[in-house]
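Chains, contacts and geometry: an overview
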Amino acid sequence: MPKRIGLFGGTFDPVHIGHLRSALEVAEFMGLDELRMIPSARPPHRDTPQVSPQDRLAMVAEAVAGLAPLMVDDRELKREQYSYSIDTLESFRAELAPDDQLFLLLGWDAFCGLPGWHRWQELLQHCHILVLQRPDADIDAPEALRDLLAARSTSDPQSLSGPGGQISFIWQTPLAVSATLIRSLLGSGKSVRFLVPDAVLSYINTHGLYRASN
């Protein structure tokens with residue numbers, strides 16, 4: 001049987017319950033064999049993360065420990081250049097059988113920004129795209145994506161077949177949690193208990209991350 005592998009990238013600065021709940025919901029709904037959480041080193045479309053790549057990797061590793069099929073993947077941190085998704089997909093494809101399925105998880109905002117991504121038209125040559133749609137998303141897809149959606153989208157994500165080439169949407173439980181909020185709370189000395197896993201909170205406290213003195 002072909003493997004079914006999800007890829008969920010981000011700065012994870014820090015990883016929080018919103019990231020993890022989304023990943024777990026998709027993994028269970030899609031019956032994934034693995035869902036790789038991939039911290040980015042130098043995201044081309046985001047501000048530089050506040051803490052080091054090593055700390056962000058360690059926090060994701062703490063968060064997913066014992067939580068199969070979620071796992072951490074450090075390949076983007078090993079690159080010296082920007083963390084381009086097309087490079088990550090090509091790297092995975094080189095390791096997999098031709099009929100293995102890759103699913104790239106993107107939030108709605110990230111999906112709408114695809115026309116600004118490096119070699120974005122090639123992404124579907126390597127994977128299916130699963131857009132994580134929340135009920136409060138109120139932004140229309142840009143014109144550059146409308147033809148792609150008309151040609152490549154399917155209403156049932158569980159019907160996606162083959163190694164890649166299609167787009168589908170998965171509704172998500174809305175959790176009003178963001179890394180920006182967590183950094184702000186920590187910077188002002190407030191608690192983030194229950195917004196991040198206990199193991200991540202312990203790592204943050206042990207290493208003094210996100211404090212006002214940093």
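Scroll up to find the structure.
Here is a short report on the structure shown in this document.

So, how was this worked out
Residues numbered from 1 in each chain as written. Predicted model: local features only at pLDDT ≥ 70, side-chain atom pairs only at ≥ 80, totals over all residues. Heavy atoms only, no water. Helix = DSSP H or I, 4+ residues; strand = E, 2+ residues; numbered from the N terminus. Contact = heavy atoms within 4.5 Å. Buried < 20%, exposed > 50% of the residue type's maximum accessible area, 1.4 Å probe, protein only. Arc of directions from axis to C-beta. Core = buried A, V, L, I, M, F, W, Y, C linked by side-chain atoms within 4.5 Å. Salt bridge = Lys/Arg side-chain N within 4 Å of Asp/Glu carboxyl O. Pairing = 2+ DSSP bridges. Axes fitted to C-alpha atoms, helices over the stretch in contact; angles between N-to-C directions.

**Quick look at the environment of Pro197**
Among the structural elements, Pro197 can be located in the loop between helix H6 (179–187) and helix H7 (198–207). Separated by 177 residues in sequence, Pro197 and Leu20 have C-alpha atoms that sit 9.1 Å apart. Sequence-distant contacts of Pro197, that is, excluding residues within four places in its chain, are made with Ile17, Leu20 and Ala63.

**Concerning H6**
All of the buried residues in H6 are Ala179, Ile182, Leu185 and Leu186. Buried residues of H6, viewed axially, fall in a sector of 125 degrees; they line one side. On its buried face, H6 is in contact with H7. In the segment just after H6, Gly189 is the residue with positive phi, at about 80 degrees.

**Comments concerning the nonpolar core**
Core analysis: the biggest nonpolar cluster contains 37 residues, and Val15, Leu35, Met37 and Met59 have the highest contact counts within it. Of all elements in the fold, only helix H1 (17–30), strand E2 (34–39), helix H2 (53–64), strand E4 (101–107), strand E5 (128–133), H6 and H7 reach the threshold of two or more residues within this core. Take this core: its biggest share by element is six residues, from H1. Counting residues in hydrophobic clusters, the runner-up holds 25 residues, among them Ile38, Leu89, Leu106 and Trp120.

**Some thoughts on the pattern of salt bridges**
Considering all chains together, one arrives at eleven salt bridges under this definition. Measuring nitrogen to oxygen at the nearest pair gives 2.8 Å for the salt bridge that ties Arg36 to Glu34. Exposure class is identical for Arg36 and Glu34. Each is buried. Of the charged contacts in the structure, one is a salt bridge between Arg119 and Asp87, with a shortest N-O distance of 4.0 Å. Here the residue Arg119 occupies a position in the loop between helix H4 (108–112) and E5, and Asp87 occupies one in helix H3 (residues 85–95), the gap between them amounting to 32 residues. Exposure remark for Arg119: the relative accessible area of 27% places this residue in the partly exposed category. One salt-bridge network, held together by shared partners, links Glu34, Arg36, Asp73, Arg75 and Glu95.

**Re unusual backbone geometry**
A cis amide bond links Asp13 with the next residue in sequence, Pro14, at an omega value of 5 degrees. A cis amide bond, omega 5 degrees, links Ala68 with the succeeding residue Pro69. Note that Pro69 resides in the loop between H2 and strand E3 (70–72). Its identity is not glycine, yet Phe12 carries a phi of approximately 50 degrees, on the positive side. For Phe12, the position within the fold is in the loop between strand E1 (4–10) and H1. Using a relative accessible area of 2% as the deciding quantity, one classes Phe12 as buried. In this structure, Tyr210 takes a positive phi of about 65 degrees despite not being glycine. Mapped onto the secondary structure, Tyr210 falls in the segment after H7.

**Some remarks on the sheet that holds E1**
Backbone hydrogen bonds hold the strands of a sheet together, and the pairing may be parallel or antiparallel. Taken in spatial order, the six strands of this open sheet run E3-E2-E1-E4-E5-E6, and their pairing is parallel. On the outer flanks of this sheet lie E3 and strand E6 (167–171), each paired with one strand and no other. The sheet shows a mean angle of 30 degrees between the axes of neighbouring strands, direction not considered. When E2 meets E3, the two strands line up parallel, connected through three bridges. Within E3, the residue paired with Met37 across the bridge is Val72. Across the sheet, H1 touches E1, E2, E3, E4, E5 and E6, and the angle it forms with E2 is around 150 degrees. Across the sheet, H2 is in contact with E2 and E3; its angle to E3 comes to roughly 155 degrees.

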